[in-house]
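Fold and geometry: a report
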Amino acid sequence: MSASRRSGATDELGPEGSEPEREGPAGSDLLAALLDGMDAALCAFDADGVVTHWNREAERILGWTAEEAVGRAGFAGWAVRSADAEEVEARLMSAMDAPGRQVNEFALLTKDGRRVLVRTQSAAVRGPGREPAGVYCAFSEVHAQIDLERSIALSEALLEDAGWGVVLVDADLRPAVVNAYAARALGAGRTSVLGRPLGELLAQGVEELESALTHVLAEGAPPAPAEMWVTVRTPEGERRRCWRSGFVRLSSPLAEEPVPLGVGWLFQDVTEARQGEQEASLLRFRTQQLHRAARAAAECENPAEAVTVHLDFALAGFADHAVIDRVAEGGTDTDRVRLVRIAETPSGAPGPCRLDGRAGLPVLYADGHPALQCVERAGTVRAGAGSLKGDAAREWASARQWPQGTVHALCTVLRSRGRTLGAVTFLRTSHRTAFERADAMYAEDVAAHIATALDLAALLPEEG
């Protein structure tokens, strides 16, 4: 039995006197062969609702063979539940009187009794006089269609409404698709970043990112997300950001062997959270350093040694060098403040802070020197070489009598019991960042401990 019911009709003769056509496949057999070769499930009904055609894909989905399906009156009693049969038949056969295609969803029964939700497209079959002669129906399992629709909806949602960045990177490691979040994070428009090398978008961190993308293309996705610090080039300038990134390898679903199409890169900006964690960790460390310094200073018999102990503990992870200058005798009563160096850290080689004294001679600071400013203002002063490089930066440090390589300075006043005792200056070289507000607060805490130790040591000018 073919996929359609044989009609049993013979071919009509041609014009009088002509020979009959040579035998060939009957029209119904040819139609059945065509229907069986299609990927869609197809069935047809005559005007009375009797099944006339049933192809192999319909057999695969429902399990009923063409021999079992063709000739039955509708789906009642075998392909649908009895309670649903009347409604299903009415909706299917209504296509004979309706223009165009009718789309419906039905729950059909398989041969083994399972229910399968299918989506149907039905249309009328017209006779020679354009009168309704039946209905043909194409159907497919809804879950396959729903899976496709969900995939499309997910893709559109990721590229439009997602609260994280989505970038599809091609095999050449260039963005092919970018969603709105990612475009904002990269500081550019969604179309302007397409096809551009990542090195044009990122000033720092591009090597680590490209290495991760290359690994995913070759080996597949890593087992866990990775956090990457990058510097993004934007029209407003460079921005340092931390992105928590995940990667998936994209392969063509149409090829028998996986063909890499690129990498799906999903990321979220976690800069504020990570900076908060770093600041909290730094605060804990500095608090512990102050506590350790206080305990170590308490063991010093000479209060002057306690000054250097506090400075040594303060430098750890904070600055490269430090100097302490005290106000010379009469230094606050004259028109110009004079400072005498009493302690400094070695600048040529590592080692602990040492007392200096320099025979009690004032340090030759020029007018406007940051150390003089902080004493005059009884506050904290920050200074930096700015954009100066090379010889210009060395001359900037030398003019202020700071060690070679210094590019950042933080001067904090030393006060105890309402008196200004001097200033402590913390210095950083070019491998560190500039001093910030949190650094100034820490320096003030250190200065308070040093001032107390100086006060206890009673370091008068004549003892210098």
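Moving on to the sheet that holds strand β14 (residues 354–355). Taken together, the six strands give an open sheet; going across it, the order is β14-β13-β12-β17-β16-β15, and neighbouring strands pair in antiparallel fashion. Here the strands that pair on one side only, and so sit at the sheet edges, are β14 and β15 (380–384). With five bridges connecting them, strand β12 (residues 321–327) and strand β13 (residues 339–344) associate as antiparallel partners. Pairing of Val 327 across the sheet is with Leu 339, part of β13.

Looking only at helix α12 (residues 390–399), the buried set comprises Ala 393, Trp 396 and Ala 397. Along the axis of α12, the buried positions cluster into a sector of 95°, meaning they face one direction only. Exposed side chains of α12 directed beyond 90 degrees from the buried face belong to Glu 395 and Ala 399. Where the residues of α12 are buried, they touch β15 and β16 (406–416). The positive-phi residue at the C-terminal boundary of α12 is Gln 401, with phi of around 60°.

What follows concerns the side chain of His 321. Relative to the helices and strands, His 321 resides in strand β12. In this structure His 321 comes out as buried when scored by relative accessible area, which is 11%. Reaching out from His 321, the side chain makes a polar contact with the backbone oxygen of Pro 346 at a distance of 3.4 Å. Dropping the residues within four chain positions of it, His 321 is found in contact with Leu 315, Thr 345, Pro 346, Ser 347, Pro 403, Thr 425, Phe 426 and Leu 427.

Let us now look at empty space enclosed by the protein. One pass over the structure, following the stated rule, counts one cavity of 30 Å³ or more. Empty space within the largest cavity amounts to approximately 70 Å³. As for the largest cavity, its lining consists of Phe 45, Gly 49, Ala 73, Gly 74, Phe 75, Ala 76, Ala 85, Val 88, Glu 89, Leu 92 and Met 93. With five residues, the single largest contributor to the lining of the largest cavity is helix α4 (residues 82–93).

On to the packing of helix α9 (residues 271–298) against helix α10 (residues 303–315), then. One way to put it is that α9 packs onto α10 with a least axis distance of 9 Å and a crossing angle of 160°. When the interaxial angle is binned, α9 and α10 end up roughly antiparallel. Where α9 crosses over α10, the two elements pack in a sense that is right-handed. Two secondary-structure elements touch here, α9 through Gln 289, Arg 292, Ala 293, Ala 294, Ala 296 and Ala 297 and α10 through Ala 306, Val 309, His 310 and Phe 313. Broken down by class, the residue content of the contact of α9 with α10 amounts to seven nonpolar, two polar and one charged.

Tracing the backbone through its elements, the reader meets Gln 288 in helix α9. The class of Gln 288 is partly exposed, set by a relative accessible area of 40%. Distance from Gln 288 to Phe 313, taken between C-alpha atoms, is 9.8 Å for residues 25 residues apart in sequence.

Attention now goes to the confidence of the model for the protein. For the protein, the average pLDDT comes to 83, and 85% of its residues sit at 70 or higher. Per-residue pLDDT stays below 50 along residues 5–25; that stretch engages in nine contacts with residues further than four places along the chain or on separate chains. Predicted confidence for residues 459–464 stays below pLDDT 50, and this span has eleven contacts to residues more than four positions away or in other chains.

Turning to the pattern of salt bridges, a few remarks are in order. Going through the model one piece at a time under the given rule, you end up with 19 salt bridges. Here Glu 105 and Arg 119 are joined by a salt bridge, their closest N and O atoms 2.6 Å apart. Highlighted residues: Glu 105 in strand β3 (residues 102–109) and Arg 119 in strand β4 (residues 115–126), separated in sequence by 14 residues. Residue class for Arg 119 comes out partly exposed when judged on its relative accessible area of 21%. Its salt-bridge partner being Asp 112, residue Arg 114 comes within 3.4 Å of it at the nearest N-O pair. Here the salt bridges do not stand alone but share partners, grouping Glu 227, Arg 244, Arg 274 and Glu 277 into one network.

Cut-offs applied
Residues numbered from 1 in each chain as written. Predicted model: local features only at pLDDT ≥ 70, side-chain atom pairs only at ≥ 80, totals over all residues. Heavy atoms only, no water. Pairing = 2+ DSSP bridges. Helix = DSSP H or I, 4+ residues; strand = E, 2+ residues; numbered from the N terminus. Buried < 20%, exposed > 50% of the residue type's maximum accessible area, 1.4 Å probe, protein only. Arc of directions from axis to C-beta. Contact = heavy atoms within 4.5 Å. Polar contact = N/O pair within 3.5 Å; in protein donor to acceptor, adjacent residues only side chain to side chain. 1 Å grid on protein atoms, 1.4 Å probe; cavity = no way out; pocket = protein on both sides within 12 Å on 5 of 7 lines; lining within 4 Å. Points joined across faces, edges and corners; volume = space filled by probe spheres on them. Axes fitted to C-alpha atoms, helices over the stretch in contact; angles between N-to-C directions. Parallel < 35°, antiparallel > 145°, perpendicular 65-115°, else oblique. Left-handed = near helix turned anticlockwise from the far one by under 90°. Nonpolar A, V, L, I, M, F, W, Y, C, P; charged D, E, K, R; others polar. pLDDT = per-residue confidence, 0-100. Salt bridge = Lys/Arg side-chain N within 4 Å of Asp/Glu carboxyl O.

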